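Structure assessment
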Protein chains: 2
Amino acid sequence: MVSIKDIAKKAGVSISTVSYALNGSPKVNADTSRRILQIADELNYVPNAAARTLKKRHTMIVGAFITSFEGAFYGELLQGMKDMLNKQGYDLIICSGTQSHRLLPEGMLDGAIILDATFDSDELLKYANRGHKLVVLDRELKHENISQVLLDNKAGATLAMEYLIESGHRKIYAVTGPTESFDAEQRLQAVRLTVERNHPLEYIEIQGDFTKSSGEEAARRIKDEYSGPAAVFCLNDEMAVGLYHELKKSPYRIGEDIFVVGFDNIETASYLQPQLATIDYSKRRFGAVAAEQLLHLIAGGPSVHERIYVNLIKTPSVF
Amino acid sequence: MVSIKDIAKKAGVSISTVSYALNGSPKVNADTSRRILQIADELNYVPNAAARTLKKRHTMIVGAFITSFEGAFYGELLQGMKDMLNKQGYDLIICSGTQSHRLLPEGMLDGAIILDATFDSDELLKYANRGHKLVVLDRELKHENISQVLLDNKAGATLAMEYLIESGHRKIYAVTGPTESFDAEQRLQAVRLTVERNHPLEYIEIQGDFTKSSGEEAARRIKDEYSGPAAVFCLNDEMAVGLYHELKKSPYRIGEDIFVVGFDNIETASYLQPQLATIDYSKRRFGAVAAEQLLHLIAGGPSVHERIYVNLIKTPSVF
DNA sequence: TTGTATGCGTTATCAT
DNA sequence: ATGATAACGCATACAA
């Protein structure tokens, strides 16, 4: 490995002059500087991240922690973060699983964006207390080193339910999400509230877990109980996709016998037949805002709570 | 920040004793050790990654470089890598974009898995020459520090084409991939060879780029030219999805007028109606094998070239 | 403008 | 069994 020491030796100057030249300090003579840079290039010099970090106390790297690499949900979101971060000279790395949590406390990361319900809140709080900067996208957490940017789940769920009701449906299923999920919980609360407000309504809850297969399972139950037109609010699109798939094997047609609305507007949703009605929001913006808030926090700014607004996409899967 | 120095002070021992205790060395007295660990815990001590790395010359972190965070393709593959890596005590981080390339030469990573055609081969070779360990999944590259694990593209493409031909189709379109893509190039070569071998055949190539929208575009051209049953080999599933979608807007039916086979068996493919015939392989295994090879390289093992075998999934989209 | 010296937190060698 | 100390590569305050 070639270090500034090697460059210094070859250039006949001290390591500090090399360091200054490499960092573009105006203090060093233009000629000397050019010569040093030239030699550094010849030697294929690359600075050592560990040494630099040890000295400067930051890495210019931000981590995004997600539950799993699978699922079409994260793509755009991460891309939104990355673009924002790169613009400011930061790099984004994606991490998943408990083992990689260490990267944060060990100082490998200047901050983290959390989108992983399995990441314990107490652990997060512990890191925040140690001075680490965090942005949470999947829970409410009050701390000076933590900003939150959350989806407007309640507005979305209300929009979806009201759309079903306005379209004349009186029998409504809700396929719920995992109980640990903040988003699922918020959406469910709004659903129940809307049901109460629109009494009388035949309302049935089916426990789901945001996976396709739980959507399929829900479909089987709905098929079995079928006694006339029914509407279904799948609390996320992933389950709606599963539901569509399973329902294809039944005599019931979506948009005719069974009416469906989802949440998230994942890409697959637009490829379903009939196109799925759903709650849309800019995932790219979601990611960008999260990155932006983290950058603010890192720059010493205060904890801020942002909200991502949503809107309804109406399609023939409902009317 | 609390360092071993703080622990040493509080425990009334030297930093070297603390270091030994922390690393579970048998040289240090059990009582002393217990006391040190206790204090470290009270102080919420966490080792500093930069300092450790500077000394030990490795991070126990491996990076996977991908073209984009979007697309359903990577999920299982990355999961396969992660599981294998974690089992051996390594962490996996996902990187995308030129800016993050620095993590490798700067010593932040013990090795990298490359699945990003936009990552220049010369640059890769440069890193390999500097001693960095690499596994490439998307090109052929001979170097003692580089292992390759490649899909058996030619077998897959041949299988797909022969399936079309055996099913009696004599007019065949191939929707190609980006010319920079090794996989696309390999598949295309096999396609052309199969065409020659099965003369006479009406064979038409449509330039694609592995994206959904290029599949849609291909569909429009095929629609316009329609003069009777035609078969289409989309060199990846992503384009087949786009083709399906666009063809829905036409009078032609897949499996009746137009016959389609894809490559990759992405999850969406199984949700298409009729289900898409395609070339399947275990993405999880693909990732696991890649990780395994990297681990071997890191352990000082020789460069090895592995191949991932594929097989055909037959469905009514063809017959 | 350039050089000297120190320290970042850790590991590890060598004494004791 | 424990301590003193050097070294990893770099940035920077201070001296010259």
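Each residue is numbered by its place in its chain's sequence as written, counting from 1. Each chain is given a letter, starting from A, and each ligand a number, starting from 1, according to the order in which they appear as written. Reporting in this predicted model follows two pLDDT cut-offs: at least 70 for local features of residues, and 80 or more for side-chain atom pairs to be given and counted; totals over whole chains, interfaces and linings ignore these cut-offs and use all residues. For side-chain calculations, the full set of non-hydrogen atoms in the structure is used, while hydrogens and water are omitted.

So, about the overall build of chain A. Where helices and strands are cited, they refer to DSSP runs of H or I of at least four residues and of E of at least two residues respectively, numbered from the N terminus. Helix and strand content of chain A: 12 helices and 12 strands. Computed over the C-alpha atoms, the radius of gyration of chain A is 26 Å, more than 25% above the 20 Å expected from 2.2 N^0.38 for a compact globule of 319 residues. Counting only C-alpha atoms, chain A reaches 90 × 35 × 30 Å along its principal axes. Sorting the 319 residues of chain A into buried and exposed places 57% on the buried side. Each radius of gyration reported is based on C-alpha atoms, and the globular scaling rule is 2.2 Å times the count of residues to the power 0.38. Burial classification: accessible surface area is computed with a 1.4 Å probe over protein chains only, and a residue below 20% of its type maximum counts as buried, one above 50% as exposed, and the rest as partly exposed.

Right, let's get into the interface of chain B and chain A. Residues are treated as being in contact if the distance between any of their heavy atoms lies within 4.5 Å. Contact residues are listed per partner, giving 52 residues for chain B and 52 residues for chain A. The contact between chain B and chain A buries some 4,500 Å² in all, and 57% of this surface belongs to carbon and sulfur atoms. A pairing counts as a salt bridge when a side-chain nitrogen of Lys or Arg comes within 4 Å of a carboxyl oxygen of Asp or Glu. Taken together, the links from chain B to chain A amount to eight salt bridges. One salt bridge in this structure joins Glu106(B) and Arg52(A), with 2.9 Å as the shortest N-O distance. Under the rule applied, a polar contact is a pair of N or O atoms within 3.5 Å (in protein, one hydrogen donor and one hydrogen acceptor; residues adjacent in sequence only if both atoms are side-chain atoms). At the boundary of chain B and chain A, one finds 23 residue pairs in polar contact (both at pLDDT 80 or more). Listed by contribution, the elements that provide at least two residues to the side of chain B that touches chain A are helix H4 (49-56), helix H5 (74-87), strand E2 (91-96), helix H9 (212-225) and helix H10 (237-247) of chain B. Residue composition of the side of chain B that touches chain A, grouped by class: 21 nonpolar, 17 polar and 14 charged. Two parts placed together each lose some accessible area; with a 1.4 Å probe, that loss summed over both constitutes the buried area. Under this grouping Gly is polar, as are all residues other than the nonpolar Ala, Val, Leu, Ile, Met, Phe, Trp, Tyr, Cys and Pro and the charged Asp, Glu, Lys and Arg.

Residues and elements named next belong to chain A. Pairing within the open sheet is parallel, and its four strands lie in the order E7-E6-E8-E9. Single-partner strands in this sheet number two, and they are strand E7 (202-206) and strand E9 (258-261). Each adjacent strand pair in this sheet contributes to an overall mean axis angle of 20 degrees, direction not counted. A pair of strands is labelled paired if DSSP reports no fewer than 2 bridges between them. Where strand E6 (residues 171-175) and strand E8 (residues 230-234) come together, four bridges link them in parallel fashion. Across the sheet, the residue bridging to Ala-174 is Phe-233, located in E8. Against the sheet, helix H9 (residues 212-225) contacts E6, E7, E8 and E9, and its axis sits at roughly 145 degrees relative to E7. Note on geometry: axes are lines fitted to C-alpha atoms, helical ones only across the stretch in contact, with angles between N-to-C directions running from 0 to 180 degrees.

This part is about the sheet that holds strand E6 (residues 171-175) of chain B. All names here are of chain B. One open sheet accounts for four strands, arranged E7-E6-E8-E9; its pairing is parallel. Edge positions in the sheet fall to strand E7 (202-206) and strand E9 (258-261), since each has one partner strand and no second. Each neighbouring strand pair of the sheet contributes to a mean axis angle of 20 degrees, computed without reference to strand direction. Summarising the sheet, E6 and E7 pair through five bridges and their orientation is parallel. Paired with Val-175 across the two strands is Ile-206, which belongs to E7. Sheet contacts for helix H7 (residues 153-166): E6, strand E8 (230-234) and E9; angle to E8, the most-contacted strand, approximately 170 degrees. Of the strands in this sheet, E6, E7 and E8 are in contact with helix H8 (residues 182-197), which crosses E7 at around 165 degrees.

Time to look at the nonpolar core. Here, the term nonpolar core denotes a set of buried Ala, Val, Leu, Ile, Met, Phe, Trp, Tyr and Cys residues that are joined through side-chain atoms within 4.5 Å. Counting residues in hydrophobic clusters, the biggest one holds 158 residues, and the most contacted among them are Met81(A), Leu137(A), Phe233(A), Met81(B), Leu137(B) and Phe233(B). Each residue touching Leu137(A), except ones within four places of it in the same chain, is listed here: Leu77(A), Met81(A), Ile113(A), Ile114(A), Leu115(A), Val149(A), Leu150(A), Asp183(A), Phe286(A) and Ala290(A).

Here, patches come from residues exposed beyond 30% relative accessible area and free of salt bridges, joined within 9 Å for like charges and within 5 Å for nonpolar side chains (Val, Leu, Ile, Met, Phe, Trp, Tyr). A 1.4 Å probe and the Shrake-Rupley method give the accessible areas. Residues count as covered only by the protein chains that appear here. Note on charges: Lys and Arg go in the positive column, Asp and Glu in the negative column, and His and the chain ends are not counted at all. Where a charge sits is defined by one atom per residue type, namely NZ (Lys), CZ (Arg), CG (Asp) or CD (Glu). Together, Lys248(A), Arg253(A), Lys248(B) and Arg253(B) give the surface a local cluster of positive charge. For Lys248(A), a relative accessible area of 34% puts it in the partly exposed group.

This brings us to the protein's contact with DNA strand C. It suffices for a single heavy atom of a residue to lie within 4 Å of a molecule or strand for the residue to be listed as near it. In the vicinity of DNA strand C, 30 residues are found, and the nearest of them are Ser16(A), Thr17(A), Thr32(A), Tyr20(B) and Tyr45(B). Backbone atoms, meaning sugar plus phosphate, form 58% of the atoms of DNA strand C positioned within 4 Å of the protein. Separating a phosphate oxygen of DNA strand C from a backbone N or O atom of Ser14(A) is a distance of 2.8 Å. Within the backbone of Lys27(A), a nitrogen or oxygen atom sits 3.3 Å from a sugar or linking oxygen of DNA strand C. Of all the secondary structure elements, the ones that give two or more residues to the surface near DNA strand C are helix H2 (15-22) and helix H4 (49-56) of chain A together with helix H1 (4-11), helix H2 (15-22) and H4 of chain B. Broken down by class, the residue content of the surface near DNA strand C amounts to 12 nonpolar, 11 polar and seven charged.

So, about the domain arrangement of chain A. Frequently, the measure chosen for interface size is the accessible area removed from exposure when the parts meet. For every domain, the bounds stem from an assignment made automatically or drawn from a database. Along its sequence, chain A is organised into domain 1 (4-47), domain 2 (58-151 + 283-308) and domain 3 (153-280). Computed from C-alpha atoms alone, the centre-to-centre distance between domain 1 of chain A and domain 3 of chain A is 64 Å.

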